[in-house]
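Read off the chains here:
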Amino acid sequence: MSSPRILISLGDPAGVGPEVIDKALSSGKLPSGFEFEVIGDRSQGIPGKPDLSSAKESLRALQLVGQRLQDEADVLAVVTGPVSKSQLEMVGFPFPGQTEYFAQLFDNEPYAMCLSGASLTVGLASIHLPLKDVAAQLSQEGIVSTASLLAQFVRKRHGTSGRIAVCGLNPHAGENGKFGDEEIRIIKPAIDQLDSDFPGVFSGPHVPDAIFRDAARGDYQAVLAMYHDQGLIPLKLLDFDTAVNVTLGLPKPRTSPDHGTAFDIAGKGIARPDSMIHAIRLACELSEQP
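What counts and how
- Residues numbered from 1 in each chain as written.
- Predicted model: local features only at pLDDT ≥ 70, side-chain atom pairs only at ≥ 80, totals over all residues.
- Heavy atoms only, no water.
- Helix = DSSP H or I, 4+ residues; strand = E, 2+ residues; numbered from the N terminus.
- Expected span 1.5 Å × (residues − 1).
- Buried < 20%, exposed > 50% of the residue type's maximum accessible area, 1.4 Å probe, protein only.
- Contact = heavy atoms within 4.5 Å.
- Axes fitted to C-alpha atoms, helices over the stretch in contact; angles between N-to-C directions.
- Left-handed = near helix turned anticlockwise from the far one by under 90°.
- Polar contact = N/O pair within 3.5 Å; in protein donor to acceptor, adjacent residues only side chain to side chain.
- 1 Å grid on protein atoms, 1.4 Å probe; cavity = no way out; pocket = protein on both sides within 12 Å on 5 of 7 lines; lining within 4 Å.
- Points joined across faces, edges and corners; volume = space filled by probe spheres on them.
- Nonpolar A, V, L, I, M, F, W, Y, C, P; charged D, E, K, R; others polar.
- Core = buried A, V, L, I, M, F, W, Y, C linked by side-chain atoms within 4.5 Å.
- Pairing = 2+ DSSP bridges.
- Right-handed = clockwise from strand over helix to strand, strands pointing away.

**Q** Explain helix α9 (residues 228-239) here, please?
**A** Residues separated by three or four positions in an α-helix point in the same direction, a consequence of the helix having 3.6 residues per turn. Helix length check: α9, at 12 residues, gives a terminal C-alpha distance of 16 Å against a target of 16 Å (1.5 Å per residue), a fit within 8%. Where α9 is concerned, the buried positions are Gln230, Gly231, Leu232, Pro234, Leu235 and Asp239. As for α9, its buried residues are in contact with β4 (112-116), β5 (121-124), β6 (164-167), α8 (208-216) and β8 (222-225).

**Q** Which parts of the structure should I look at to understand the packing of helix α2 (residues 52-71) against helix α4 (residues 98-105)?
**A** Each packed pair of helices is defined by two parameters, the angle between the axes and the distance between the axes. Put simply, α2 and α4 touch, their axes get as near as 11 Å, and they point 35° apart. Pair α2 / α4 crosses with right-handed handedness. Along the contact surface, α2 presents Leu62, Gln63, Val65, Gly66, Gln67, Leu69 and Gln70, while α4 presents Gln98, Tyr101, Phe102 and Leu105.

**Q** Would you mind going over the side chain of Ser116 with me for this structure?
**A** Relative to the assigned elements, Ser116 resides in strand β4. Among the polar contacts listed, one links the side chain of Ser116 to the side chain of Thr121, at a separation of 2.8 Å. A polar atom in the side chain of Ser116 sits 3.3 Å from the side chain of Arg157. Here Ser116 is in contact with Thr121, Phe153, Arg157, Leu235, Thr242, Ala243 and Val244, once residues within four sequence places are set aside.

**Q** I'm lost on the layout of surface pockets in this one. Help?
**A** Think of a ball as big as a water molecule: rolled over the atoms, this probe shows where empty space is left. Of the volumes computed, that of the largest pocket is approximately 440 Å³. In terms of lining, the largest pocket is formed by 18 residues, of which the most central are Tyr111, Ala125, Ser126, Gly142 and Thr146. Per element, the largest residue contribution to the lining of the largest pocket is five residues, and it comes from helix α6 (residues 140-158). Looking at the lining of the largest pocket, its residues break down into eight nonpolar, seven polar and three charged.

**Q** Quick question: what am I supposed to make of the nonpolar core here?
**A** Across soluble globular proteins, nonpolar side chains show a tendency to be buried alongside one another. Within the largest apolar cluster, 51 residues are counted, with the highest numbers of intra-cluster contacts made by Phe202 and Met226. Dropping the residues within four chain positions of it, Met226 is found in contact with Ala125, Ser126, Val134, Leu138, Ile143, Val166, Cys167, Gly168, Leu169 and Ile187.

**Q** Which parts of the structure should I look at to understand the pairing of strand β7 (residues 202-206)?
**A** If a strand is regular, its side chains alternate between the two faces of the sheet. Direction of pairing for β6 relative to β7: parallel, over a ladder of three bridges. The residue bridging Ala165 from the neighbouring strand is Ser203, located in β7. In this view, the connection linking β6 to its parallel neighbour β7 by way of helix α7 (residues 182-197) has right-handed handedness.

That is the geometry; function is a separate question.
Here is the structure:
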């Protein structure tokens, strides 16, 4: 009987993906009982020199792991290697990122982007948007949806949803409307709605410039940030080598390291595999749980 399989896409072969995957697979730090299969042709890229060929290969590998995740029962999860969004756009990839691609692939609503590391777990109420568009895109319904998925993720990993902090959008969480009213109109009503399904779990809106310190010292099991950099700056500051990107809401797990292609160091043998190791470990962990 074959072992359950975890697929790993190579990412852009001109980046550090091939190196960190090789180092992760030979690290001795991955769980037993799984078969790890790498998808992608590294000969289609020259390290540090991204081009049309490496872009096409990164897209081909991504599409193949997605299709096999859908079609093959023994494929339990996918780990995606780092890709370049501008490179993918060059070959016709229509999505802002891999998160949105997998959500579309499974025709999945709702879905959310989450990053989880040694110190912080952060969910994002909005993902790949220009900062000027964030406020207009926030909605009570969207925050409730993302927060619910985040609570389910925390519960799945730790057996309880614990306490989850919800950030405000504006400085000082709006200061009672002085610096913006999204906290009053959108975020606080979402928290009140969440309290009926997750009593005592969610609180806020919290002041964004202080809440991550409290979460990092263990006062909260996760933080829901209102936009990409609000959540990812503190997470990458504290957990760059341990953080994993997880697409919430999919029928099977998809994870990835929290870093990009790092074309500037590709081929030099200095890329650290830590985040890839954690991404593979988390994919295995999530695939084992009901």
